[in-house]
Amino acid sequence: MRRNKRILFAALAMCGAALIFSPSTVFAQGNVSFEIQRAETLIAQGDYVEALATVRSAISKAPSDYRVRYYSGMALLGLQRFDEARTETELALSLAPEADKAGVQRLLDTIALQSVSLTAEADAEAALAAGLNGRAARLFAQAFEADKSKAKAGFKAVELYAGVLAQPEEAVKVLRLIERRATDPVERLQAAEKLKPLKSTIEKMVLSYLEAASNSVREKDVAKVKTTLEEAVLIAPNSTTLSMALVSYYSGIRDEDGLKFALSRLPAQGIDLHHGLYAVKPKPYWLEKPWFAQMVAGYRDKSYSDYYNSIAATPILTPFRDCEEVCPELTLLPSTFFVFDENSEGRKPVLTLQPIAIGRFEITYDQFNACTRDGACPKIDPRDFGRGKHAASFVSWNDANAYLAWLSKKTGKTYRLPLREEWVYAAQAGTPKTYITSNVINKSVAAVDGFKPWPQQVGSYPANEFGLHDMLGNVMEWTANCVSSRLVYQENSINTHRKVNSESCSQRVLLGGHYASPISDITGYRFWQKYIGEQTYDTGFRVVREF
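These numbers come from a predicted model, not from an experiment.

## Focus: the pairing of strand 4 (residues 356-359)
Here is step 1 of the chain: Of the pairings in the sheet, the one linking strand 1 (residues 330-332) to strand 4 comprises three bridges and is antiparallel in character. Residue pairing in the sheet places Leu330 in a bridge with Gly359 of strand 4.

Right, here's the structure in full:
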């Protein structure tokens, strides 16, 4: 009780100091000035009973003077008679001139906060005594939210959430709130220390926030994307995973202030600016912004500026389909292909051909099942690994080619599997990157490392600079290349394609890794091999269309 009195006194002192009566009010209603001055002095001394008696005497003389109602509310607050204090202060607010309403409103807000805080803490203790741990944790947290001097109530909530309730995510939320808002700096440091053992929980929370943001992107709910990212920053202000994802998401939804904020965070996270610049999309749009163009042009390595200028000069074509519904969405790639050699920092042209289009997404169950319904493809059993718009798995190389033959016949166009060289170029999107989406690969940019128990819906993760999704992780993707004693780059892609499909070959190359692949295995150069008839949980494909 003694501590509560000190808290109330501090709150009242703030309210009293905040309210400055306008000269017109004092002149017009000056007949109770002595009582008001005495009441203010008594409240400052903590003598709320005598202060209340004084203002009630003044009310009998000037019932319409809002100042006596105001101090009546302060005295009643000091006595913790919250309902009466609220009634008096609301009356003061209705009587106050416009110039003084803000000060009265502050008192009304203080009454509401103190009422909630004291009531919540008392109710929390009662709930705890009754064994209602969940309710007690919520009320302790509510008590701190209402009164930032009550960090001890917040820590009690943390203890319950992290302990008997086994809800570490809720513990993190309360600790972050204490770390930001507690009035005592020592308590803020204590919260920071308690967060250290919860690092893995925080990283999982970040990934959950990013998954929610991806869902909002698919739903085209930009406001929800922003809200989700803002919440994630509050929970994990120092997460490098989040820092790179912010660049991708804010640039993708074309939020200029958000992108500036995201890029400004990178140096403090130990992330080189060029990683952030590569993650920005769509680049031609952002290069029209003078501040971004200047950032790129001023970067220490001129090759980055050259790269952005070349990308800006490349026409960005709208994705297209050859038929509605069942046909995959395609993106046209430039005609000159380069593959970045893993042993060289320079660009190494490996083949040139006429333009091709590649699928923006991996083939889904819905799309493959359309071929099955037409009797041109075998039925694949997903075995609880997904349905609908999830990437189709348990697809053999033979199954993929049956689908491609059906799609070619249906559309009158030539569809096939990509060559390894084409796939790597599309995945790297013309940039010298070890990883496809960025040089920092993590679970926020791809379904990898077993974070998800099965392949995800296509497009659940950010696209690369060519607008292609899920080039890493999710499912491994079949290519046309045959596995032999050594893989040789061919100069002409059309001849290469005809050669690999005409020769007898029992094993084919797969690229990109899958949802359970370790992050260390996910690069644009690593390849896997399987027999052409194998149907496994981790294999799928995307299409290439020739012109």
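Picking up after the structure, the text goes on.
## Considering the sheet that holds strand 8 (residues 527-531)
Here is step 1 of the chain: If you trace the four strands from one edge of the open sheet to the other, you get 8-7-6-9, paired in mixed fashion. What marks the edges here is a single partner per strand, and that holds for strand 8 and strand 9 (539-540).
Here is step 2 of the chain: The pairing of strand 6 (residues 476-482) with strand 9 spans two bridges and is classified as parallel. Residue pairing in the sheet places Met476 in a bridge with Thr539 of strand 9.

## A few points about the packing of helix 10 (residues 168-181) against helix 11 (residues 185-195)
Here is step 1 of the chain: Packing of helix 10 against helix 11 leaves a shortest axis separation of 7 Å and a crossing angle of 150°. Comparing their axes, helix 11 and helix 10 come out roughly antiparallel. Of the two elements, helix 10 crosses helix 11, and the hand of that crossing is left-handed. Contacts from Val172, Leu175, Arg176, Ile178, Glu179 and Arg180 in helix 10 reach Glu187, Arg188, Ala191, Ala192, Lys194 and Leu195 in helix 11.
Here is step 2 of the chain: A class-by-class count of the residues in the contact of helix 10 with helix 11 yields six nonpolar, no polar and six charged.

## A word on the pattern of salt bridges
Here is step 1 of the chain: What the rule picks out here adds up to 22 salt bridges.
Here is step 2 of the chain: Among the ionic pairs, Lys150 bridges to Glu121, the shortest N-O distance being 3.0 Å. Note that Lys150 is positioned in the loop between helix 8 (133-146) and helix 9 (151-162) and Glu121 in helix 7 (residues 101-129), a separation of 29 residues in sequence.
Here is step 3 of the chain: Between Lys152 and Glu187 there is a salt bridge, with the nearest N and O atoms lying 3.7 Å from each other. One end of the pair, Lys152, is in helix 9; the other, Glu187, is in helix 11, and 35 residues separate them in sequence.
Here is step 4 of the chain: Using a relative accessible area of 8% as the deciding quantity, one classes Glu187 as buried.
Here is step 5 of the chain: Three or more residues joined by partner-sharing salt bridges are found here, namely Glu256, Lys260 and Lys289.

## Some words on the side chain of Ser408
Here is step 1 of the chain: Examined against the element boundaries, Ser408 turns out to sit in helix 21 (residues 397-411).
Here is step 2 of the chain: Exposure remark for Ser408: the relative accessible area of 18% places this residue in the buried category.
Here is step 3 of the chain: Polar side-chain contacts of Ser408 include one of 2.8 Å to the backbone oxygen of Leu404.
Here is step 4 of the chain: What Ser408 contacts, discounting residues up to four positions off in sequence, is Lys413, Thr414 and Tyr415.

## Some points on the packing of helix 12 (residues 199-218) against helix 14 (residues 240-252)
Here is step 1 of the chain: The contact between helix 12 and helix 14 brings their axes to 10 Å, and the two run at 10°. Here helix 12 lies roughly parallel to helix 14, going by the angle between them. Between helix 12, through Glu203, Val206, Leu207, Leu210, Ala213, Ser214 and Val217, and helix 14, the contact on the second element is made entirely by Thr241, Leu242, Ala245 and Tyr249.
Here is step 2 of the chain: Counted by class, the contact of helix 12 with helix 14 contains eight nonpolar, two polar and one charged residues.

Cut-off values and rules
- Residues numbered from 1 in each chain as written.
- Predicted model: local features only at pLDDT ≥ 70, side-chain atom pairs only at ≥ 80, totals over all residues.
- Heavy atoms only, no water.
- Pairing = 2+ DSSP bridges.
- Helix = DSSP H or I, 4+ residues; strand = E, 2+ residues; numbered from the N terminus.
- Axes fitted to C-alpha atoms, helices over the stretch in contact; angles between N-to-C directions.
- Parallel < 35°, antiparallel > 145°, perpendicular 65-115°, else oblique.
- Left-handed = near helix turned anticlockwise from the far one by under 90°.
- Contact = heavy atoms within 4.5 Å.
- Nonpolar A, V, L, I, M, F, W, Y, C, P; charged D, E, K, R; others polar.
- Salt bridge = Lys/Arg side-chain N within 4 Å of Asp/Glu carboxyl O.
- Buried < 20%, exposed > 50% of the residue type's maximum accessible area, 1.4 Å probe, protein only.
- Polar contact = N/O pair within 3.5 Å; in protein donor to acceptor, adjacent residues only side chain to side chain.

So yeah, pure geometry; function would need other evidence.
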